Amino acid sequence: MAEKPSSPNPEPPIATTATPGGGKAPKKTFALIGNPNCGKTTLFNSLTGMRQKVGNYPGVTVERKEGECFSQHGERFRIIDLPGSYSLNAHSPDEAVLRDVLLGRRADTVRPDVALCVVDASNLERNLFLTSQVLELGLPTILVLNMVDVAEERGFKIDVDGLEEALGIPVIACRAHQGVGITELKLAMSRSDIPVSKFEVQYTEAWNRIWDQATEKLAKSGALHGVGSRDRLEAIYLLTDHDPSHYGLSKEELAKVKEVREELDTQKPQWEETLAPARYEAIQKVCDLSVRPPEEYQPSLTDRLDAVLLHWLWGWVTLAVIMVGMFSLIFSYADIPMGWIEGTFAWLADRVRGMMGPGEFRDLLIDGALEGVSGVLVFLPQI
């Protein structure tokens, strides 16, 4: 794939808050990337400690977390915790923010210098889908192999050196929740020569011609203007976005995107479904070189539960039991604690009547405070 020419407008400088004593601006910006529930936030907290700030990206309700950490040589690094996602093919605002930051399309966020891709070692093949997309963008990348203890418990043997060789980037094994591997990660982040991976999904010649034609049409319309990204990749992500209106394109550019997508739909129906299998085929080759699965498959607790809860018959039976049980708790068994609450407040009201003479203050306590609180708390059992 041909690299996109550099933008005539240089990237904005890294904005940072001045620190006491004339602190210097961060030397590098690292983007923390990963699937949901891979330990990314735990790693972010371990790296940044209390040096964090949280807000939202302008125009969307997607949370924005930034922090700073120090290298082994005392240099300040900025860490951006990007939204968790399974893919750069945006189907939600979170995924759109992740994609646009990595492509350099957001004016409010500088394009990261280095990507820190966090993967769950126990689900390596699935997690590498997003990582492989990031690798193709041409960013220097460090792969953080998290939850290696979980992978070992499940019988997986991961050859870290083999994975490094297959991807061509540093791979750091860690257990973020225990702080294991953080020092090694900071050493890798401190390197001045963090490499760019040579990973690339191989398409057929016919598909290469199709992507080249689509890319050329979008480039001529001006729709492709990411900073330092690759034209073909940006074109693919733009065409797979079913709501490209938030891409910051003009009406003419949006019309060209729609036109090219319609041409693809006519020329190659279900063309989007060919993208994932080609990527997983490339990922499988990497896993074959670096991962040894357990000799005997040991189903996890989730697998055993799924065998029942997702069964074509017992799944429906389980759903019926849960629904009947829930409605019974709400409309029958909840009456018992509701009666206790009403009885308790009635007893308190009688005590107040016995201790105080008639008057507005007694009415305020009984009919206002006690009745008001009772009227709210009585619904807690149902809630």
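Rules used throughout
- Residues numbered from 1 in each chain as written.
- Predicted model: local features only at pLDDT ≥ 70, side-chain atom pairs only at ≥ 80, totals over all residues.
- Heavy atoms only, no water.
- Core = buried A, V, L, I, M, F, W, Y, C linked by side-chain atoms within 4.5 Å.
- Buried < 20%, exposed > 50% of the residue type's maximum accessible area, 1.4 Å probe, protein only.
- Contact = heavy atoms within 4.5 Å.
- Salt bridge = Lys/Arg side-chain N within 4 Å of Asp/Glu carboxyl O.
- Helix = DSSP H or I, 4+ residues; strand = E, 2+ residues; numbered from the N terminus.
- Phe/Tyr/Trp six-rings, centres within 6.5 Å; stacked < 30°, edge-to-face > 60°.
- Polar contact = N/O pair within 3.5 Å; in protein donor to acceptor, adjacent residues only side chain to side chain.
- pLDDT = per-residue confidence, 0-100.
- Expected span 1.5 Å × (residues − 1).
- Arc of directions from axis to C-beta.

### Here's the deal with the nonpolar core
Here is step 1 of the chain: Judged by nonpolar contacts, the single largest core of 58 residues is most densely connected at Ile33, Leu102 and Leu143.
Here is step 2 of the chain: Other than its neighbours up to four places away in sequence, leucine 102 contacts Ala31, Ile33, Leu82, Leu88, Arg111, Pro112, Val134, Leu137 and Leu139.
Here is step 3 of the chain: Among the nonpolar cores identified, the runner-up in size contains 22 residues, and Val114, Val144, Cys174 and Met189 belong to it.

### What to know about the pattern of salt bridges
Here is step 1 of the chain: All chains considered together, the criterion is met by 17 salt bridges.
Here is step 2 of the chain: Its salt-bridge partner being aspartate 108, residue arginine 64 comes within 3.4 Å of it at the nearest N-O pair. Here the residue arginine 64 occupies a position in strand β3 (residues 63–70), and aspartate 108 occupies one in the loop between α2 (93–103) and β5 (114–120), the gap between them amounting to 44 residues.
Here is step 3 of the chain: The exposure class of aspartate 108 is partly exposed, given its relative accessible area of 31%.
Here is step 4 of the chain: Beyond isolated ion pairs, a larger network of salt bridges with shared partners links Arg64, Glu66, Arg78, Arg106 and Asp108.

### Observations concerning the packing of aromatic side chains
Here is step 1 of the chain: Summed over the entire model, instances satisfying the criterion amount to six aromatic pairs.
Here is step 2 of the chain: Plain terms: the ring middles of phenylalanine 129 and tyrosine 280 are 5.0 Å apart, the flat faces sit at 40 degrees to each other, and that makes the pair tilted. Taken as a pair, phenylalanine 129 in helix α3 (residues 124–135) and tyrosine 280 in helix α10 (residues 275–290) lie far apart in primary sequence, 151 residues in all.
Here is step 3 of the chain: Note on phenylalanine 129: relative accessible area 10%, which makes it buried.
Here is step 4 of the chain: Centroid distance tryptophan 211 to tryptophan 271: 5.8 Å. Interplanar angle 70 degrees. Geometry classified as edge-to-face.

### Section: unusual backbone geometry
Most peptide bonds take the trans configuration, and most residues that are not glycine carry a negative phi.
Here is step 1 of the chain: Even without being glycine, asparagine 37 reaches a positive phi, approximately 65 degrees.
Here is step 2 of the chain: Along the polypeptide, asparagine 37 turns up in the loop between β1 (28–34) and α1 (40–48).
Here is step 3 of the chain: Here asparagine 37 falls in the exposed class, since its relative accessible area comes to 71%.
Here is step 4 of the chain: Positive phi outside glycine occurs at glutamine 270, with the angle close to 60 degrees.
Here is step 5 of the chain: Tracing the backbone through its elements, the reader meets glutamine 270 in the loop between α9 (251–267) and α10.

### So, the side chain of threonine 215
Here is step 1 of the chain: The topology assignment puts threonine 215 in helix α7 (residues 205–221).
Here is step 2 of the chain: A polar contact is formed between the side chain of threonine 215 and the backbone oxygen of tryptophan 211, at a distance of 2.7 Å.
Here is step 3 of the chain: When neighbours within four sequence positions are excluded, threonine 215 is seen to be in contact with Leu224, Asp231, Arg232 and Ala235.

### Digging into the confidence of the model for the protein
Here is step 1 of the chain: Taken over all residues, the pLDDT of the protein has a mean of 83, while the share at 70 or more is 88%.
Here is step 2 of the chain: Within the protein, strand β2 (residues 52–56) has the poorest average pLDDT of any element, 66, and β5 the best, 94.
Here is step 3 of the chain: Counting interchain partners and residues more than four positions distant, the pLDDT-below-50 stretch residues 1–22 has 32 contacts.

### Things to note about the environment of cysteine 117
Here is step 1 of the chain: Within the secondary structure, cysteine 117 sits in strand β5.
Here is step 2 of the chain: Note: C-alpha distance between cysteine 117 and asparagine 35 (82 residues apart in sequence) is 9.2 Å.
Here is step 3 of the chain: Ignoring sequence-local partners within four residues, the contact set of cysteine 117 consists of Ile33, Thr131, Val134, Thr141, Ile142, Leu143 and Val144.

### Quick word on the environment of serine 190
Here is step 1 of the chain: Note that serine 190 resides in the loop between α6 (182–189) and α7.
Here is step 2 of the chain: With a relative accessible area of 12%, serine 190 lands in the buried category.
Here is step 3 of the chain: In this structure, the C-alpha to C-alpha distance between serine 190 and serine 71, residues 119 residues apart in sequence, is 5.6 Å.
Here is step 4 of the chain: Each residue touching serine 190, except ones within four places of it in the same chain, is listed here: Ser71, Gln72, His73 and Phe77.

### Structural notes on α7
Here is step 1 of the chain: The terminal C-alpha atoms of α7 lie 25 Å apart, and with 17 residues this matches the ideal 24 Å at 1.5 Å per residue to within 8%.
Here is step 2 of the chain: All buried positions along α7 are accounted for by Trp207, Asn208, Ile210, Trp211, Ala214, Thr215 and Leu218. One side of α7 holds all its buried residues, which, seen down the axis, span an arc of 160 degrees. Opposite the buried face of α7, at more than 90 degrees from it, the exposed residues are Glu205 and Lys220.
Here is step 3 of the chain: Glycine 222, located one to two residues past α7, shows a positive phi value of around 90 degrees.

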